[in-house]
Each structure stands twice: as C-alpha cells, then as structure tokens.
Amino acid sequence: MVSVRKVFVAVCVLLCFAGASFAADIALTSAGQSPDAMMVRVVLKKLGVEADSDPLMKPEGLTQKILIVVIGGSSKGLGAAGIDKDQEIARLSALLKAAAGKNVKILAMHVGGEGRRGKLSDEFITAVAPAADKLVVVEGGNADGIFTNLTKEKKTPIHGAPNVSGVAAPLKEILAEWGIPAK
Amino acid sequence: MMRQPAASWKTAILLLLLSLFVAFVAARDFRVMNAPDVFAPAEGFARKMLSEYFPPLKGTTADTPVFIREGKEPGGTVLILGGTHPVESAGILAATLFLENASVPRGRLIVIPNANAMALTHNSPQEGHPQRIHFALKDGSTRVFRYGSRATNFTDEWPFPEIYVHPASGQKLSGKERSNLNRCYPGVPDGSMTERLAFAIVELIRKEKVDLAFDLHEASPEYPVVNAIVAHERSMELAAIVTMELEGLGIPIRLEPSPKNLRGLSHREWGDSTDVLPILMETGNPSQGRLRGRTDERLVLTGEDKAYVKAAALGRLFIPYEGNQLIAYRVARHVTAIRVFVENLEMVRPGKGVTLEGIPQYEEILKQGVEAFLKPVPKKREV
C-alpha cells in the first residue's frame with residue numbers, strides 16, 4: 001500500500017509543476033506603492049500580455065523572465081501597504097539583486113509624469129533606475145534629467161511616451177525585443 | 001442712595017433694544033439656512049427619503065432626499081453623493097447636474113445631492129464664508145445653493161467629545177471629527193446624529209445593491225490629494241482605466257489608493273462594509289485653502305485669489321493654477337470623471353453596466369457654464 005507520505009510528496013511535486021506552467025513570463029511590481037503599477041497592468045491587459053502582479057513582490061517570488069518595476073512614491077500607498085520608505089527601498093534592492101542573479105530582464109517605468117516626482121518618488125527612482133536594462137518614462141518625468149543622469153554610465157536606453165496610455169507603443173516594442181509578443 | 005441720571009436709563013434701554021434687534025436679525029439669518037435647496041429632477045426620477053433605509057432617521061434633521069431613476073433595461077446601480085461637505089460646492093453641483101439632466105436607458109442611478117443636510121444649516125464659525133451661491137439662468141430666474149459647513153451643525157452634534165474614538169476601529173481623532181460625515185462611516189445605528197447618518201447611507205448602499213458609488217469633494221490647492229481619485233483596492237483597476245482615459249481627454253487626474261489604516265472615510269468603509277466599488281474624488285478649490293484672502297461668493301465661483309498666484313509661482317501648489325479655478329471647471333471635472341467611470345463599469349462588473357444619457361460634455365460645461373445645465377425651479381423653497 002502506498003504510504004500517505006508518498007502521496008503527499010507526489011501531490012506537492014505535481015502542484016509545483018502546475019504552478020510553474022501557469023506562471024506568466026512577466027512579473028509586475030511597484031516601487032513606491034503608487035497606483036501607477038495598476039495602470040501599467042491595465043496597459044499590459046490591453047496588449048493581451050499576462051503578468052503576475054504583486055506590488056510587494058519579494059525575491060523568492062521572482063520566477064519570471066522579465067521584471068517590470070513601476071516607479072512612483074505614494075505616502076498613502078505605503079501606508080496602505082503597512083510599510084515605510086526604507087522598508088520599500090530594502091525590498092526593491094533585494095528584488096533587483098535577485099533579478100540580476102537570475103538573469104531576469106528589468107524594465108523600469110515611470111508613468112506619472114511631473115506629478116509623480118518629488119522627494120519621495122525621487123528616492124525610488126534613485127534606487128531602481130541604475131539597475132534597469134531599459135526604461136520607459138512619460139513626458140515630464142525626466143524633465144530635470146534625473147533618469148538620464150542615473151543611467152549615463154550604463155547607457156541604458158530610455159524610451160519616452162506622451163502619457164500613460166502612450167506607454168503601450170514602447171512597451172510593446174521592448175517586450176517583442178525580449179521575446180514576448182503583444183497585440 | 002444715589003439716583004441714576006435719566007440719560008443712563010435711556011442709554012441702557014436703547015442698547016438693550018439694539019441688542020435684541022441684532023439678535024433677531026442674526027437668528028432670522030441662522031434660521032433661514034434651514035430651508036432646503038430646491039432641485040428640479042429630470043423626468044423619471046422617483047423621490048424617496050434616506051429614512052426609508054433607516055427609519056430612526058425619519059423626522060430628524062439628518063433625513064435627506066434620495067432621487068432614484070430606474071432604466072428600462074436591467075443593469076447595475078450607480079450612486080452619486082454630493083454635499084458630504086457642503087463647503088465643497090462642486091460636489092453638490094455635479095450631483096445636481098446628473099439629477100437634472102440624466103436619462104438612464106440601462107441600470108439605475110441614485111443621486112443624493114445633500115448628503116449631510118445637517119451641515120447645510122450653518123456656516124463654519126470665523127471662516128467668513130458666504131451663506132449661498134447664485135446662478136443666473138437663461139430664463140431670468142436664479143438658482144440658489146446654500147454654502148454650508150464641513151461639519152454637522154452644533155445644534156445637531158453637541159457636545160463634542162474631547163477625542164473622537166471611531167467606533168469600528170478605535171482610531172482616535174480630534175473630537176470635532178465626530179461631526180464630519182466622512183470620518184463616521186460605516187456609522188452607528190444608535191450613535192451621534194452624524195454616525196447615524198453615515199449608517200443610513202451604508203444601509204442604502206447595501207439595500208440598493210449599489211455597484212459603483214461616488215463621494216464628491218473639493219480640496220485646497222496646497223493639499224497633495226487634489227484633482228484626484230481615491231480608490232478602494234476593489235475599485236483600483238476601474239480607477240486606473242478611468243485615469244488613463246481622462247488623461248487622454250486632457251484631464252490629468254491623480255490616482256491614490258485608499259489607506260487601510262485611515263478609518264471612517266467613504267473610500268475605505270463603503271468598500272469594507274459592502275460590495276460596492278467606492279470612489280472619492282477631489283477638485284482644487286481655493287476657497288477651501290488656508291492661503292486665501294477674502295472669502296466671498298466670488299471666490300467660491302471663480303477661485304481667483306492673488307495669494308494663490310504667488311503660491312503657484314513658488315511651486316507650493318498641487319494643481320496647475322493660472323489665476324482661477326472656475327466652478328464650471330471644477331464641476332466639469334467631476335461630471336466627466338463620473339461619466340467615464342460609468343462607461344467602463346461593465347468591464348469590471350459584467351452584466352452590471354449602466355447607461356447614462358443627456359449628461360453635458362466637459363467642453364460644454366466649460367463653455368456654457370454650470371448654469372446652462374441647471375433647470376428653473378419654483379421660487380418658493382421646498383420644505
């Protein structure tokens with residue numbers, strides 16, 4: 001008779017494989033807990049691209065090929081998540097380090113324009129932009145050259161967009177380049 | 001014993017009469033604020049009272065009209081709440097524009113233009129606010145809207161506690177916040193008048209199975225959450241879609257999440273207590289702010305204030321301010337945002353879409369003013 005333990009192990013192994021096969025190719029997270037990540041999720045949906053979205057994604061949850069980090073600080077959002085700015089930066093540092101270690105492509109996006117800049121957002125920009133492989137920045141977000149300066153050394157390509165709806169075009173192009181077809 | 005000179009008796013009597021006269025005029029002025037505003041609902045709206053959802057409210061100053069229009073085709077239900085804070089006139093006027101212009105082919109529309117009627121019966125002390133705002137209509141008549149207070153009248157909510165402990169969470173706030181409807185949700189059936197009012201509104205949302213509900217506000221230009229949508233996590237996807245569409249229409253709006261640890265507010269408690277998708281919206285209104293100068297009807301209607309011009313130049317404001325914030329602009333923002341939300345409701349609640357027709361477009365409100373979409377009403381005030 002097959003022991004209960006063996007059955008349990010078999011079920012666990014099957015569930016692991018099932019989980020792996022259902023995971024999307026893209027992981028979507030926030031840097032600063034603003035709702036801008038939700039807007040990028042809506043754009044991805046419109047492009048017919050599935051993403052595993054978790055605003056508080058941790059390194060151990062990163063099994064995808066691409067990591068999209070949507071930058072934008074919101075004190076209300078941080079409060080809602082029950083974390084502070086320093087905890088968020090620590091989470092992001094660990095996540096970006098894990099992504100680099102697993103050869104996961106990193107796309108940093110800033111879709112809030114000038115309105116989503118300021119002391120709080122700038123700290124998240126500083127934490128994320130240097131680690132990105134590519135950036136998409138909505139008009140006004142890079143008016144003072146913060147993204148340009150932070151990525152100068154690495155020569156990271158920065159794609160512009162007129163507004164959040166307009167990020168669909170560069171997003172589609174980048175994802176296609178990284179092997180993810182979009183509508 | 002010395003005799004008082006006759007002149008001093010005369011002066012005393014004169015001063016006494018003068019005091020009585022001032023008291024009479026002030027009392028009459030105070031009492032006249034009790035006369036409700038008159039609305040001219042579009043055809044098909046049924047008028048109910050909030051007390052029908054929570055009978056203990058009947059006959060109290062908290063009871064307020066609820067207007068419901070049912071479409072021929074079944075769908076979802078949308079609630080628009082104006083006047084949570086009656087100093088935030090754009091909310092009342094946006095709700096009124098829906099009430100007086102909307103036809104509803106599909107689903108249902110519920111409008112409560114004066115959510116906190118108890119805050120409409122007085123002004124905030126020492127703020128120098130006007131008592132009313134006026135709109136001249138094309139037919140020569142005038143529409144009058146009261147400009148009340150942020151808080152429930154002292155005569156309905158007295159005495160204040162030193163500290164207001166929010167009953168559902170234990171959160172501690174300043175005592176006066178117990179008279180702020182948007183700190184009292186989900187309400188208490190046997191609580192203070194404002195808590196009972198909050199309870200009645202939540203009962204309405206529950207009993208009418210409201211799918212999407214709006215709480216319309218205004219905020220000072222120096223406050224970070226202005227020209228903004230605040231959304232419960234359940235509403236966030238819909239709010240993100242709407243934010244993008246509004247941006248495409250040239251109406252940039254900030255989207256903020258409802259903090260889980262800030263209790264008593266509509267965008268948090270409506271969502272936690274019912275199945276509704278709650279949305280709170282703010283426009284920028286200099287007559288709300290602390291930097292403002294003379295606070296009169298002109299300021300409420302135009303938003304023109306030289307101190308705000310200076311503040312904008314110093315980069316201290318959270319809205320683009322070019323010398324004014326017209327009431328038409330503030331109302332147009334609310335009306336257009338609601339329209340876009342309703343148009344996208346079906347996407348997140350399949351089978352619960354609502355169709356609204358007859359709603360003025362953004363540019364129409366900007367060009368023709370709010371008054372072009374207000375209907376004439378009988379001169380005698382409804383009681």
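Preceding block: the structure.
Residues numbered from 1 in each chain as written. Chains lettered and ligands numbered in written order. Predicted model: local features only at pLDDT ≥ 70, side-chain atom pairs only at ≥ 80, totals over all residues. Heavy atoms only, no water.

**Student:** Can you tell me about the sheet that holds strand β4 (residues 105–110) of chain A, naming the residues and giving the values?
**Tutor:** All names here are of chain A. Pairing is parallel in the open sheet, where 6 strands are placed in the order β2-β1-β3-β4-β5-β6. What marks the edges here is a single partner per strand, and that holds for β2 (52–53) and β6 (158–161). Of the pairings in the sheet, the one linking strand β3 (residues 66–71) to β4 comprises 5 bridges and is parallel in character. Its bridge partner lying in β4, Ile68 is registered against Leu107. Sheet strands touched by helix α4 (residues 85–101): β1 (26–31), β3 and β4. Its angle to β1, the strand with the most contacts, is close to 155 degrees. (Pairing = 2+ DSSP bridges. Helix = DSSP H or I, 4+ residues; strand = E, 2+ residues; numbered from the N terminus. Contact = heavy atoms within 4.5 Å. Axes fitted to C-alpha atoms, helices over the stretch in contact; angles between N-to-C directions.)

**Student:** Which residues make up the interface of chain B and chain A, and what values go with them?
**Tutor:** Tallying the contact residues gives 16 residues for chain B and 18 residues for chain A. Taken together, the two surfaces of chain B and chain A that pack against each other cover about 1600 Å², and 62% of this comes from carbon and sulfur. Considering only the surface of chain B that becomes buried against chain A, Glu237, Met244 and Glu247 of chain B emerge as the three largest contributors, covering 36% of it. If you look at where chain B meets chain A, you find 2 salt bridges. For Glu256 of chain B, the salt bridge identified is with Arg116 of chain A, shortest N-O distance 3.3 Å. The interface formed by chain B and chain A includes 6 residue pairs in polar contact (both at pLDDT 80 or more). Among the secondary structure elements, those contributing two or more residues to the side of chain B that touches chain A are α4 (236–248) and β11 (254–257) of chain B. For the side of chain B that touches chain A, the class distribution of residues is 8 nonpolar, 3 polar and 5 charged. (Buried area = accessible area lost by both parts, 1.4 Å probe. Salt bridge = Lys/Arg side-chain N within 4 Å of Asp/Glu carboxyl O. Polar contact = N/O pair within 3.5 Å; in protein donor to acceptor, adjacent residues only side chain to side chain. Nonpolar A, V, L, I, M, F, W, Y, C, P; charged D, E, K, R; others polar.)

**Student:** Lay out the nonpolar core with the relevant residues and their values.
**Tutor:** Ranked by size, the top nonpolar core spans 92 residues in total, and within it Ile68 of chain A together with Leu109, Leu212, Phe214, Ile229, Phe341 and Val370 of chain B carry the most contacts. Counting 30 residues, the second largest nonpolar core, distinct from the first, contains Ala62, Ile110, Ile112 and Leu181 of chain B. (Core = buried A, V, L, I, M, F, W, Y, C linked by side-chain atoms within 4.5 Å. Buried < 20%, exposed > 50% of the residue type's maximum accessible area, 1.4 Å probe, protein only.)

**Student:** Residues and numbers for the packing of aromatic side chains, please.
**Tutor:** All names here are of chain B. Counted under the stated rule, the structure contains 10 aromatic pairs over all chains. Considering the side-chain rings of Trp158 and Phe160, the 5.8 Å spacing of their centres and the 55 degrees angle between planes classify their relative orientation as tilted. For Trp158, a relative accessible area of 62% translates into the label exposed. Taking 5.6 Å as the distance between ring centres and 75 degrees as the angle between the ring planes, the aromatic pair formed by Tyr185 and Trp270 counts as edge-to-face. Taken together, the residues Tyr185 in the loop between β8 (172–174) and α3 (193–207) and Trp270 in helix α5 (residues 266–273) connect sequence positions 85 residues apart. (Phe/Tyr/Trp six-rings, centres within 6.5 Å; stacked < 30°, edge-to-face > 60°.)

**Student:** Describe the environment of Leu56 of chain A, naming the residues involved and giving the relevant values.
**Tutor:** Residue and element names in this part refer to chain A. Within the secondary structure layout, Leu56 lies in the loop between β2 and β3. The exposure class assigned to Leu56 is partly exposed, which follows from its relative accessible area of 30%. It is 20 Å that separates the C-alpha atoms of Leu56 and Val43, two residues lying 13 residues apart in sequence. Other than its neighbours up to four places away in sequence, Leu56 contacts Thr29, Gln33, Ala81, Ile83, Glu88 and Arg91.

**Student:** Explain the side chain of Arg91 of chain A to me, and be specific about the residues and the numbers.
**Tutor:** All names here are of chain A. Position of Arg91 among the secondary structure elements: in helix α4. With a relative accessible area of 10%, Arg91 lands in the buried category. Of note is the side chain of Arg91, whose polar atom sits 3.2 Å from the side chain of Thr29. A distance of 2.6 Å separates the side chain of Arg91 from the backbone oxygen of Ser30, its partner in a polar contact. Once you skip the residues sitting within four places of it in the chain, Arg91 turns out to touch Thr29, Ser30, Gln33, Pro55, Leu56 and Met57.

**Student:** Please provide a residue-by-residue account of helix α7 (residues 306–313) of chain B, values included.
**Tutor:** One side-chain oxygen of the residue at the start of α7 of chain B lies 2.8 Å from the amide nitrogen of Ala307 of chain B, identifying that residue as Asp305 of chain B. Count one or two residues on from α7 of chain B and you reach Gly315 of chain B, which has phi positive near 70 degrees.

**Student:** I'd like a rundown of unusual backbone geometry, residues and numbers included.
**Tutor:** Note: most residues except glycine have negative phi, and most peptide bonds are trans. Residue and element names in this part refer to chain B. Residues Trp158 and Pro159 are joined by a peptide bond in cis, for which omega reads 0 degrees. Residue Pro186 is bonded to the preceding Tyr185 through a cis peptide linkage, with omega at 0 degrees. Along the chain, Pro186 falls in the loop between β8 and α3. The residue Lys209 is not glycine, and still its phi comes out positive at about 50 degrees. As for its position among the elements, Lys209 is in the loop between α3 and β9 (212–219). Relative accessible area serves as the criterion here: at 64%, Lys209 is assigned to the exposed category.

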